[in-house]
Structure formats: structure tokens, C-alpha cells
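Examination of the molecular architecture
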Amino acid sequence: MQTSGFYILKDSFFELMADPYLKNNKDGNRPFYYCVKGEKEGKNIYWMIPLSSRIEKYQRIIAQKIANRRPCDGLHIAKLPNGKESVFLIQDIFPVSDSYIERAYTLGGNPLVMPYEDEINEIERKARKVLALIKRGIALTPTAPNVLLIYDKL
């Protein structure tokens, strides 16, 4: 696993966890961003953040939160190394063990990795904040996956 790399997960992970709010695998074509590494009883646990290409939808949500003077740590829009913008759905972060990682997401045969240090730092800051809320039993959205149950299953 490469820090700040993008990965595709095995379908078996989604079948085993069967959480209706997990962002599905889209037939193996949804990349995930590796954000924070954790340990659990000798297992390698990685925190994965789903991505979305629906920029306008999430720009409206972010603008509304800012207008209401609410924090917006659950979403982050960034330009990827391939030049496209994407929304990091930090509010939907979930754990996965390395045994459920199918492969690195690649472009032209090269693994896609976030090269922008400021973006990496901001995404990881927001992820730590969201994970702290989750560990206290606070979900950012009513459709957030049951992260603690998934973590226990791993």
C-alpha cells in the first residue's frame, strides 16, 4: 500500500460487510483514496475514502454548510493527478484490511497517487476529525456506513 494512493477493493469486501450505506464497488471501477493507516491486533487496517465525480452537487452542499456557518470536514474537492476534479467523501470513510484490496488504481499502467502535499495534509486532517467523531458515535450523515461494526468484523 502506498500512502495517498488510490485503490480498488475486492467485491468480497462489500459482500461480507453488506452495509447498505457503503459506496459500492461499481463493478471494480470505483477508486478509493488511502488516507489513514491504523493497526488492529496485528492486522493492517486502512481507512478508505470514496470518491465522487458529482462536483456541482457537492459544491452546493459545501456552500450551504459554509453559509450556515457549519463545519464541512466531511467533503473535500481536489484536483487529481490526472487533471480531473473529484470529491473526497470523507463523511463516508470506512476501514478495510489489506486482504480486501484488489489492486492499485492505475492510469496508463502507473498507480495513481496524490502528489500534492497540501491536499494530502488537508484530507488527512479532515479524516482524523471525522474518525474522532465516528469513534464518539457521531455520524455526519444519516446514510453513513456503520464504520465501527465494519472495524469489529475486520
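Let me sum up the structure you'll find in this document. (Residues numbered from 1 in each chain as written. Predicted model: local features only at pLDDT ≥ 70, side-chain atom pairs only at ≥ 80, totals over all residues. Heavy atoms only, no water.)

Section: the overall build of the protein chain
Operational definition: Under the DSSP-based scheme used, a helix requires at least four consecutive residues in state H or I and a strand at least two consecutive residues in state E, with every element numbered from the N terminus. Only protein chains enter the accessibility calculation, which uses a 1.4 Å probe; a residue is then buried when its area is under 20% of its type maximum, exposed when over 50%, and partly exposed in between. Residues are treated as being in contact if the distance between any of their heavy atoms lies within 4.5 Å. Residue-level accessible areas treat just the shown protein chains as cover; the underlying method is Shrake-Rupley with a 1.4 Å probe.
Across its full length, the protein chain carries 4 helices and 9 strands. Traced from its N-terminal end to its C-terminal end, the protein chain shows the element sequence β-α-β-β-α-β-β-β-β-β-β-α-α. With the principal axes as the frame, the protein chain shows a C-alpha extent of 40 × 40 × 25 Å. When burial is assessed residue by residue, the protein chain has 47% of its 154 residues classed as buried. Sequence-distant contacts in the protein chain: of pairs separated by 6 or more residues, those separated by 24 or more amount to 69%. Split by element, the accessible area of the protein chain, about 8400 Å² in all, is 48% carbon and sulfur.

Quick look at the layout of surface pockets
Put simply, the test is: Residues are called lining when one of their atoms sits within 4 Å of a cavity or pocket point, these points coming from a 1 Å grid over the protein atoms alone, where a cavity is a set in which a 1.4 Å probe fits but cannot get out and a pocket is an open set with protein on both sides within 12 Å along at least five of seven lines. Grid points are joined across faces, edges and corners, and a volume is the space filled by probe spheres set on the points.
Estimates place the volume of the largest pocket at around 390 Å³. Along the wall of the largest pocket there are 20 residues; nearest its centre are Pro31, Leu51, Ser52, Ser53 and Ser86. Elements represented by at least two residues in the lining of the largest pocket include exactly strand S3 (43-52), helix H2 (55-67) and strand S5 (85-88).

What about the environment of isoleucine 62?
For isoleucine 62, the position within the fold is in helix H2. Placed 13 residues apart in sequence, isoleucine 62 and leucine 75 show a C-alpha to C-alpha distance of 7.4 Å. Every residue in contact with isoleucine 62, bar those within four places of it in the chain, is listed here: Cys72, Leu75 and Ile77.

Some details on the packing of aromatic side chains
Cut-off, in case you're wondering: Stacked, tilted and edge-to-face are the three classes assigned to paired rings of Phe, Tyr and Trp, where Trp is represented by its six-membered ring and a pair needs centres within 6.5 Å; plane angles under 30 degrees give stacked, over 60 edge-to-face, the rest tilted.
Within the structure shown, the criterion is met by 9 aromatic pairs. Ring centres of phenylalanine 13 and phenylalanine 14 lie 5.2 Å apart, and the angle between their planes is 85°; this geometry places the pair in the edge-to-face category. With respect to class, phenylalanine 13 is no different from phenylalanine 14; both count as buried. A centroid spacing of 5.8 Å and a plane angle of 10° characterise the contact between tryptophan 47 and tyrosine 151, whose relative ring orientation is stacked.

Considering H2
Just so we agree on the cut-off: One less than the residue count of a helix, multiplied by 1.5 Å, gives the span that helix is expected to have. By construction, the arc corresponds to the directions joining the helix axis to the C-beta atoms.
Between its first and last C-alpha, H2 extends 18 Å over 13 residues, near the 18 Å set by a 1.5 Å rise per residue. The set of residues buried in H2 consists of Ile55, Tyr58, Ile62 and Lys65. End-on view of H2: buried residues confined to an arc of 95°, all on one side of the axis. Turned more than 90 degrees away from the buried face of H2, the exposed residues are Glu56, Arg60, Gln64 and Ala67.

Let's talk about the nonpolar core
Here is the rule: Definition used in this section: a nonpolar core is a set of buried Ala, Val, Leu, Ile, Met, Phe, Trp, Tyr and Cys residues joined via side-chain atoms within 4.5 Å.
Within the largest apolar cluster, 38 residues are counted, with the highest numbers of intra-cluster contacts made by Leu9, Phe13, Tyr33, Met48, Ile49 and Phe88. Put simply, the parts of the chain that give this core at least two residues each are strand S1 (6-9), helix H1 (11-17), strand S2 (32-40), S3, strand S6 (94-97), helix H3 (117-135) and helix H4 (147-153). Beyond its immediate sequence surroundings of up to four residues, leucine 9 is in contact with Phe14, Asn25, Phe32, Met48, Phe94, Val96, Tyr100, Ile101 and Glu102. Membership of the second largest hydrophobic core comes to 7 residues, among which are Cys72, Leu75, Val87 and Leu89.

Topic: unusual backbone geometry
In this structure, alanine 18 is a non-glycine residue whose phi angle is positive, near 45°. Residue placement: alanine 18 occurs in the loop between H1 and S2. Backbone geometry places arginine 69, a non-glycine residue, at a positive phi of 55°. Take arginine 69: it is sitting in the loop between H2 and strand S4 (76-79).

Here's the deal with H3
Given a rise of 1.5 Å per residue, 19 residues ought to cover 27 Å, and the 27 Å separating the end C-alpha atoms of H3 matches this to within 8%. Regarding H3, the residues found buried are Glu119, Ile120, Ile123, Glu124, Lys126, Ala127, Val130, Leu131 and Ile134. The arc that holds the buried residues of H3, viewed along the axis, is 165°, so those residues lie on one side. Exposed side chains of H3 directed beyond 90 degrees from the buried face belong to Glu117 and Asp118.

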